[in-house]
Amino acid sequence: MAIGILGGGLAGLTIAAHLEHDCEVLEKESRGGGHCQTVQECGFTYDAGGPHIIFSRNQQMVDYMVSLLGDNVHRARRNNKIFYKGRYVKYPFENGLFDLEPQDRFECLYHYIKNDYPPPQTNFKEWIYHHFGKGLAEKYLIPYNEKIWNVPAEELGLEWVEGRVPKPPIEDVIKAAVGVETEGYTHQLYFNYPAQGGIESLPRAMAGRVHKIVSDFTVESIWREGNGWCVSNGLSARRYDALVCTIPIQELAAALEGTPPEILAAVNALRYNSLVTVSVGLDAARVPDYTAIYVPDPEVRFHRLSFPAAFTPHNAPRGQSIIQAEITTNPGDGSHEMSDEALLADVVGDLQAMDLARQSEVCYGRVLRTKYGYVVQNDDCRRYLKQAKAYFEQIGIPLCGRVAEFEYINMDVCIERAQNVAGRLNRAVPVPLAPLEISV
């Protein structure tokens, strides 16, 4: 059986690496990796689509990812902060209450204990109030989430929340408020990261197990032919017994001939945020030893900063440092339309205001834009997604990966689901169809 895999990101490469059938990965760029691509310039190394660290509640998956890297692994401890009213508060916020002003500390603790908000019925805002109370909700959780998702919290659904925003035990919140050290999100307290080469080292290691990757192949059209499928980039077509999609579901629906109008409408109704990453290299090594800083302040354009050299010291030259800012954007929001030069200047200005950098120290800057940055799980998402997935499943094209499944999943879940897709395909025994390249 010949299988075509659309997309050479982590999901597509994982499927191909675990298939027992002949397969090809069709990748539109000159190299794979997708959201896990890494930039290496001027001695700096950083992840193009924002930081990706290796952690999971599933230790077996952590062990698997680490095994792919061999000796190229660095283990680090999280030291994240939240920038709130000029203070660097320990992350997660509920574990850093002692870092707040006394009145803020009191309001967070009081409303966490005395919380009469009813169980959530329909949206994420209700969920936050019910689980965390008014203080934590209004000081951090709502403004930060509305900033990263670029949508009001009441428009976000509930399905994606479980496991991503855990509720802390009350004793931990009380301890944090009186100054007793506690840790939240312990499954990501320690993490692994490639010692050299950035997170792209992970998909590169997976690609080493794949027999055939066709690069610079943009999927423009897909159609049925007999018992198989044909995929064209406008110059040539390739024929397969089966297809798997790991490219954005929007691109699949647009390329697939005969997609019903109602399915196209459902797919096009799915919301996503684009992501802008602004990486700033400094000719100084005075940045704090933080791994990341979360910024709920709506007056600051970026929602998160990360410090790649805290993941591994090989990510910056000796005596220098690098900071990466992340900004979610949509057309019409102002940030989306800004030039790269204006965004870089804006970020450097805010870094100066936070006493993290000086203009005179800046020796490197680059702005990168990722179209499909974050899937937005708003009220209508599940209904539209269920309709679209049912159609693609019915015609025999499985979806896998964050942008294909349109779900907010991390690398560990992406790999696990890709392994499951490969397993299902390995058990399938269709009528074989010889792969064929056809000029068009």
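Summarised in this report is the structure supplied together with it. Worth saying up front: this structure is predicted, and the values here are computed from it rather than measured.

Thresholds, definitions, all that
Residues numbered from 1 in each chain as written. Predicted model: local features only at pLDDT ≥ 70, side-chain atom pairs only at ≥ 80, totals over all residues. Heavy atoms only, no water. Buried < 20%, exposed > 50% of the residue type's maximum accessible area, 1.4 Å probe, protein only. Helix = DSSP H or I, 4+ residues; strand = E, 2+ residues; numbered from the N terminus. Pairing = 2+ DSSP bridges. Salt bridge = Lys/Arg side-chain N within 4 Å of Asp/Glu carboxyl O. Phe/Tyr/Trp six-rings, centres within 6.5 Å; stacked < 30°, edge-to-face > 60°.

## Re the pairing of strand S17 (residues 321-329)
Link 1 in the chain: Across the 9 residues that make up S17, a large majority, 9, are buried.
Link 2 in the chain: Of the two faces of S17, the one lined by Ser321, Ile323, Ala325, Ile327 and Thr329 and the one lined by Ile322, Gln324, Glu326 and Thr328 are each fully buried.
Link 3 in the chain: The pairing of strand S14 (residues 271-282) with S17 spans 9 bridges and is antiparallel. Considered in S17, the bridge of Val276 is made with Ile327.
Link 4 in the chain: Here strand S16 (residues 304-306) runs beside S17; their pairing, made up of 3 bridges, is antiparallel. For Arg304, the partnering residue across the bridge sits in S17 and is Glu326.

## Overview of the pattern of salt bridges
Link 1 in the chain: The final tally for this structure, using the stated rule, is 24 salt bridges.
Link 2 in the chain: In the salt-bridge network here, residues are joined through shared partners; they are Arg77, Arg78, Lys90, Glu181 and Glu183.

## A word on the packing of aromatic side chains
Link 1 in the chain: Inspection of every chain in the model, using the stated rule, returns 25 aromatic pairs.
Link 2 in the chain: Aromatic pair Phe124 and Trp127: ring centres 5.9 Å apart, planes at 25°, arrangement stacked. Of the two residues, Phe124 and Trp127 both sit in helix H4 (residues 124-149), 3 residues apart, roughly one turn of that helix.
Link 3 in the chain: Among the residues examined, Phe124 registers a relative accessible area of 0% and is labelled buried.
Link 4 in the chain: On the accessibility criterion, Trp127 (10% relative accessible area) is buried.
Link 5 in the chain: Three or more aromatic residues link up through ring pairs in this structure, and these residues are Tyr84, Tyr91, Phe93, Tyr140, Tyr144, Tyr185 and Tyr294.

The analysis is restricted to geometry; functional conclusions fall outside its scope.
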